[in-house]
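Read off the chains here:
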Amino acid sequence: MELLQPSSLEELDGGLPIAGGTEVVPLLREGLLHADRLVDISSLVPRGIDGTRIGAGATLAELEVDPQVPDALREACRLAASPQLRNMGSVAGNLLQATRCWYWRLDYPCRLHGGDRCHAREGEHREHAIFANDFCASAHPSDVAAALVALGATIRTTRRELPVRDLYRLPTEDDRSTTTLEPGEVILELDVPQTDASTYLKAMDRKRWAFALVGVAAARRGTETTVALAGVAPVPWLLDGSLDDATPLPGTAYKVQVARALVERARAAVA
Ligand SMILES: Cc1cc2nc3c(=O)[nH]c(=O)nc-3n(C[C@H](O)[C@H](O)[C@H](O)COP(=O)(O)OP(=O)(O)OC[C@H]3O[C@@H](n4cnc5c(N)ncnc54)[C@H](O)[C@@H]3O)c2cc1C
Ligand code: SF4
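Here is a short report on the structure shown in this document. (Residues numbered from 1 in each chain as written. Chains lettered and ligands numbered in written order. Predicted model: local features only at pLDDT ≥ 70, side-chain atom pairs only at ≥ 80, totals over all residues. Heavy atoms only, no water.)

### Here's the deal with the pairing of strand β9 (residues 197-203)
- With respect to burial, β9 is a largely interior element, 6 of its 7 residues being buried.
- As defined by bridge partners, β9 adjoins strand β10 (residues 214-221) across 7 bridges and the pair is classed as antiparallel. Residue pairing for β10: Thr-199 is matched across the bridge by Ala-218. (Buried < 20%, exposed > 50% of the residue type's maximum accessible area, 1.4 Å probe, protein only. Helix = DSSP H or I, 4+ residues; strand = E, 2+ residues; numbered from the N terminus. Pairing = 2+ DSSP bridges.)

Okay, structure coming up:
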């Protein structure tokens, strides 16, 4: 395998982009990702924070302490991973992290790997989804993505601009991908509009360094509050209906109660 450090993004040359490497390196090591060529984009993607604009290469550690960043996003970053990972991990890499479903991570031939079964639905699924869990019951792990969806953030890539929520898609029989990013497309920048108030609350198995069982972001503009959740569906979940619409599995029914309590608290916090 070769590691390229090109001087421009035009020279990706079919290689796999790597920023902080906190996700790419473990996946390569476990044989879940395959690449002949890695392209280090860390010096090519913008990094700074300027008002509502955030460079896609900014680290979670930079975002969590910057007063220009809305509370929901700062808190989502602060509650993610460990200090070492937040120092290395970029915001774009966070948005594109793969599922933490252990069947997928242990390389079971499940639907997300192109197979014809969801092993989690039939097996252990305590950490899994309560919405859109028919085909694949994985739970999206990104706290940051939920915060950005609630905040109504947009992304600029080398090819287009899109709302963060449109970066994601539910996997289907024909296309097992959970993002809409095209091969060779690089995320350059985020635009995170200001809100009147925002917050991010996270239920975890431990107080630190754990993925969200349920994460709830709420953002208010005037009298309108938008709520988005992490850990409840294969993609970051915009709550535009009610938690009564959830379709939990036997082992995830508790998440509906947790989500209900956190949504209520988050709405009260931004009211
Ligand atoms: C033990 C552990 C615990 C964690 N806990 C949490 C948690 O609680 N909450 C949470 O939200 N996250 C958590 N994370 C995820 C962590 O935040 C991400 O691993 C990190 O942010 C990824 O950023 P990176 O720059 O290292 O990505 P990389 O590993 O460099 O890349 C990840 C993916 O993004 C692609 N990529 C990177 N940058 C770009 C770009 N600009 N354009 C296009 N593609 C790009 C890469 O090709 C790759 O597919 C955890 C990770 C670990 C390992
Ligand atoms: S939840 Fe998704 S990733 Fe996990 S076993 Fe089922 S299909 Fe695979």
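### Some thoughts on the pattern of salt bridges
- For the structure on display, the rule yields 21 salt bridges.
- Among the salt bridges present, the one from Arg-100 reaches Glu-23, with a minimum N-O distance of 3.7 Å. Here the residue Arg-100 occupies a position in the loop between α5 (91-95) and α6 (102-105), and Glu-23 occupies one in the loop between β2 (16-18) and α1 (24-29), the gap between them amounting to 77 residues.
- Given a relative accessible area of 27%, Arg-100 falls into the partly exposed group.
- Using a relative accessible area of 15% as the deciding quantity, one classes Glu-23 as buried.
- A salt bridge links Asp-244 to Arg-260, with the nearest nitrogen and oxygen atoms 3.2 Å apart. A residue pair is termed long-range when its members are at least 10 positions apart, and Asp-244 in the loop between β12 (237-238) and α9 (253-270) and Arg-260 in helix α9 qualify at 16 residues.
- Exposure remark for Asp-244: the relative accessible area of 56% places this residue in the exposed category. (Salt bridge = Lys/Arg side-chain N within 4 Å of Asp/Glu carboxyl O.)

### Re the packing of aromatic side chains
- Under the counting rule described, the total for this entry stands at 2 aromatic pairs.
- Geometrically, the ring pair formed by Tyr-103 and Tyr-108 is edge-to-face, given 5.0 Å between the ring centres and 85° between the ring planes.
- Taking 5.0 Å as the distance between ring centres and 15° as the angle between the ring planes, the aromatic pair formed by Phe-131 and Trp-237 counts as stacked. Taken together, the positions of Phe-131 in the loop between α7 (119-122) and α8 (143-151) and Trp-237 in strand β12 put the pair 106 residues apart, joining distant regions of the chain. (Phe/Tyr/Trp six-rings, centres within 6.5 Å; stacked < 30°, edge-to-face > 60°.)

### A word on the site of ligand 1
- The local shell around ligand 1 holds 33 residues, among which Pro-17, Ala-19, Thr-22, Ser-90 and Asp-143 are the closest.
- Between Pro-17 and ligand 1, the recorded distance is 2.6 Å, taken from a backbone N or O atom to an oxygen atom.
- Residue Ala-81 places a main-chain N or O atom 3.1 Å away from an oxygen atom belonging to ligand 1.
- Taking 980 Å² as the accessible area of ligand 1 by itself, protein coverage stands at 92%. (Near = heavy atom within 4 Å. Polar contact = N/O pair within 3.5 Å; in protein donor to acceptor, adjacent residues only side chain to side chain. Areas by Shrake-Rupley, 256 points an atom, 1.4 Å probe, with all protein chains shown as cover.)

### Describing the nonpolar core
- Counting residues in hydrophobic clusters, the biggest one holds 71 residues, and the most contacted among them are Ile-54 and Leu-73.
- Setting aside residues up to four positions removed in sequence, Leu-73 forms contacts with Ile-54, Leu-63, Val-144, Ala-147, Leu-148, Leu-151 and Val-192.
- Residues Leu-32, Ala-98, Ala-120 and Cys-136 belong to the second largest nonpolar core, which totals 14 residues. (Core = buried A, V, L, I, M, F, W, Y, C linked by side-chain atoms within 4.5 Å. Contact = heavy atoms within 4.5 Å.)

### So, the site of ligand 2
- Of all residues adjacent to ligand 2, which total 13 residues, the nearest are Cys-101, Cys-110, Cys-118, Cys-136 and Ser-138.
- At the level of secondary structure, the elements contributing two or more residues to the shell around ligand 2 comprise α6 and α7.
- Across the shell around ligand 2, the residue classes break down as 9 nonpolar, 3 polar and 1 charged. (Nonpolar A, V, L, I, M, F, W, Y, C, P; charged D, E, K, R; others polar.)

### Here's the deal with α8
- Counted residue by residue, α8 has 9 buried out of 9 residues, so it is predominantly covered.
- Buried within α8 are the following residues: Asp-143, Val-144, Ala-145, Ala-146, Ala-147, Leu-148, Val-149, Ala-150 and Leu-151.
- At the N-terminal boundary of α8, the capping side chain belongs to Ser-142, with an oxygen 3.3 Å from the backbone nitrogen of Val-144.
- Just downstream of α8 lies Gly-152, where phi reads positive at about 70°.

### What about the sheet that holds strand β6 (residues 154-157)?
- Read from one edge to the other, the open sheet built from 5 strands follows the order β4-β5-β8-β6-β7, with strand pairing classed as antiparallel. Whereas interior strands pair on both sides, the edge strands pair on one side only; in this sheet they are β4 (49-50) and β7 (161-163).
- Pairing analysis gives 3 bridges linking β6 to β7, with the strands arranged antiparallel. Directly across from Ile-155, in β7, lies its bridge partner Leu-162.

None of this, on its own, says anything about what the molecule does.
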